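A closer look at the structure
This is what each chain is made of:
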Amino acid sequence: MKNKNIKMILLFLVPVAFLYTCFFIYPLGFVLSTSMMKWNGISAMKFVGIDNYKKLLTNETFQLSVKNNIIWALSGGFIQIPLASMVALILARKPKGWRMLRTIYFLPNIISAVAIAMMWKAIYNPMYGFLNAFLNIIGVEGHNWLGEIGTALPSIIAQQVLYIGYFMIIILAATTTIPKSFYEAADIDGCSILQQEWYITLPMIRGILVTTMTLAMAYGMRHFEATFLMTNGGPAHSTSVMGLILYHKMDAFRLGEANATGTILIFLGTVVIVLIRTLLSRRDAGADSVQ
Amino acid sequence: MKKSNFLLLGLALVSIIGLTSCKEEAKEEIVLKWPCIWVGEDSKAPAVATLVEQFNADNAGSIKVEIEAQPDYDGYEQKIRTSVAAGIVPDIFTMKLNPTTKAYYESDLLMDFTKELDMGWGKDFNEGTVAQATVNGMVKSLPYEVAITPVWYNMDLLKKAGVSTYPKTYADFMDAAAKLKAAGTIPTSQMTGGSNAWTSMLWYSHFVASIGGKDVYNNLFEGDAYVKAAEVLLAMYSDGNTSMDAIGGDAGVSGGHFLAGETAMFINGPWYIGRVRGDAPEVYAATEVGPAPAAGSHSGAQIGFLQTNFAAAANAENPAKAAAAVQFVKWMTKAENVAEISKQAGSLFAVKYDSSTIDDPLQKKFIEASNNASFTVPHLAGVVPADVVSEFGQALGKMALGEATPAEFVEMLKKVNDQ
């Protein structure tokens, strides 16, 4: 029986392990090894040790990009997830039209990121954009939102964190697993809705909140699309992120440096994930059962 | 059946099968994939599509060229770079030859056209163009589209502002800019966005040439020319000399303002003629082209360069396919075919063709501007590596926002160039 089990386990695991090795372990090893090479992708590689890392870590634009990625991660974890949680908790109470609202909130997730970025680029346009037109109506002077150092990064982040649909759906699903009797008991005890959410819902979905927060922060660390499409890292590198540096290094055929950027990106992403899970999961292991 | 008869029968069968398969192989159509940017809204799209159709009809059953539409220019270059780095080369493609893409020449996967050119084909090209595409004695990309990028002046707007001729000097420019602003017109189209801040990079190249002369690129980012040209460019970003959305704006922004008749001066190549003619006929009718206002002692210079080169996969393991690719590129470089694209799209070419049939007034002005140039130099993006090109827009944004001086702007570019 034991042997049969082992055979079954192998039968199911080997194909996945094979694919995982081919499409993750091998590329990862390749990225790590070539990150210590000077290589343009066409001619022979030359070993340069940690020179690529030194070059990146002492580069001001790269340092700024790491900072921006951390801002992205924090915005995801501490703005997007609270917003998503708030909406999910409201919708979990099934107010009138909640199904339609759920669909509306989720809708941006099925629209291409390119289309959304282009739409926001038009909204932010200082001469013809909707935002400045609206501000002008209420007597506020317009702004070059994506063209000024102080506003470019917050403008891109703002349009991104508003799209809460994906996380909202996950949190909403988690709330359905909480037994109704908890709320009924709390109701009898005279708890207000806010107290019920605070003392029952949030602790019960803590595990899911940690998971969504981890996901949102991981997405922040690897953020690329909206910045590439809306500002290409400008103005003056103020919105640059590590993914964009990697892209530009590849564009310039500096594949060794590109892969060193990728390695740092993987490392920092892992650090953030481990950190957030350690900080938030420790206090309530029992809540994981809701996941 | 005797053993010898059996063997004979076997041999006969093998021969028949062999001959049949050879016949089938010979009949098999060669399909050439061409990821192509000349599609969709591109002004060359209709002419190129017609030529491909004609080629396919002429070679029906033996060669078929399939266009893979790639309407995003920057994305196209990225796709080609990634493909070459991954060791996969499209059967036919186009490329911009610059210090970064010269690395393609190191790849054995690209076809070397040298032999074909030496056998007489080379005479079809304008003098010096093949030499520009030669690296270490190899011609792995064929010069095709060439361009000059003069300044486009909307004379209606200038005249309405009280300026009768386009500005020839920097002082004239400042005077014209003041009058244009007073008349409610934005003087210049600029942009710091996109992958190379194209319009502003061209303005800068004009000023660098005007100040530093034809040998200005011999010592990149050294000497006064680069800083002084940056000062002039900064002036164009100051005091309302360009649109509010220039910082962060892309080619759609800079071109869009000119097409909409909102800016009076703009820079782009002849491939834009078709777009202006179709989308903004009034602007088209009012446009004059000429050198940029002289910012230094070298007036009348033009920015001229190989815009697009043809390249093909070597296909060493499949000589028939390689030969088919050569046949197609030869078709595309035939004088009458090039003349047709030129006529329809307004583009200029490295191939010798009869330009006397060109009846487009603006295209004629381009040819005139090219002939009248005191000298021609490439644009900056054509002489520096790709990372300097992408740094240009960032450094320009920094300078335009008052976060860097013109000297610091040049220093930023130099630093990346020295890496």
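My aim in this report is to walk through the structure given alongside it, one point at a time. For every chain, the first residue of the written sequence is number 1, and numbering continues from 1 along that sequence. Each chain gets a letter, beginning with A, and each ligand a number, beginning with 1, in the order they are written. The predicted nature of this model means local features are confined to residues of pLDDT at least 70 and side-chain atom pairs, given and counted, to a pLDDT of 80 or more, with totals for whole chains, interfaces and linings taken over all residues.

1. Thoughts on the packing of helix α16 (residues 386-400) of chain B against helix α17 (residues 406-417) of chain B
All names here are of chain B. This is how the line gets drawn: Here an angle of 0 to 180 degrees is reported between the N-to-C directions of two axes, which are lines fitted to C-alpha atoms, with helices fitted over the stretch in contact. Each helix is a run of H or I in the DSSP string that is no shorter than four residues. Each strand is a run of E no shorter than two, and both are numbered from the N terminus. Each angle gets one of four labels, with under 35 degrees taken as roughly parallel, over 145 as roughly antiparallel, 65 to 115 as roughly perpendicular, and the rest as oblique. It is the rotation of the near helix from the far one that decides the hand of a crossing: anticlockwise by less than a right angle makes it left-handed, clockwise makes it right-handed. Here, residues touch in the contact sense if the C-beta positions derived from the backbone fall within 7 Å of one another. Nonpolar residues are Ala, Val, Leu, Ile, Met, Phe, Trp, Tyr, Cys and Pro. Charged residues are Asp, Glu, Lys and Arg, and all others, Gly as well, are polar.
At a minimum axis separation of 9 Å, α16 and α17 run at an interaxial angle of 160°. The orientation of α16 with respect to α17, classified from their angle, is roughly antiparallel. Note that α16 runs across α17; the crossing there is right-handed. Every residue of α17 that contacts α16 at Asp387, Val388, Glu391, Phe392, Ala395, Leu396 and Met399 is listed here: Pro406, Phe409, Met412, Leu413, Val416 and Asn417. Class assignment of the residues belonging to the contact of α16 with α17 gives a composition of 10 nonpolar, one polar and two charged.

2. Concerning the environment of Pro270 of chain B
All names here are of chain B. Here Pro270 lies in the loop between β7 (263-267) and α11 (273-279). Taking C-alpha positions, Pro270 is 25 Å from Gln54, a pair spaced 216 residues apart along the chain. Here Pro270 is in contact with Ala147, Gly346, Ser347, Leu348, Gln363 and Phe366, once residues within four sequence places are set aside.

3. Some remarks on unusual backbone geometry
Of note, the amide linkage connecting Gly234 of chain A to Pro235 of chain A takes the cis form, showing an omega dihedral of -10°. With respect to the secondary-structure elements, Pro235 of chain A resides in the loop between α12 (225-230) and α13 (242-251). Although it is not a glycine, His237 of chain A sits at a positive phi angle of roughly 65°. The topology assignment puts His237 of chain A in the loop between α12 and α13. Backbone geometry at Asn315 of chain B places phi at a positive 45°, although glycine is not the residue there. If you trace the backbone, Asn315 of chain B turns up in the loop between β9 (302-312) and α13 (319-332).

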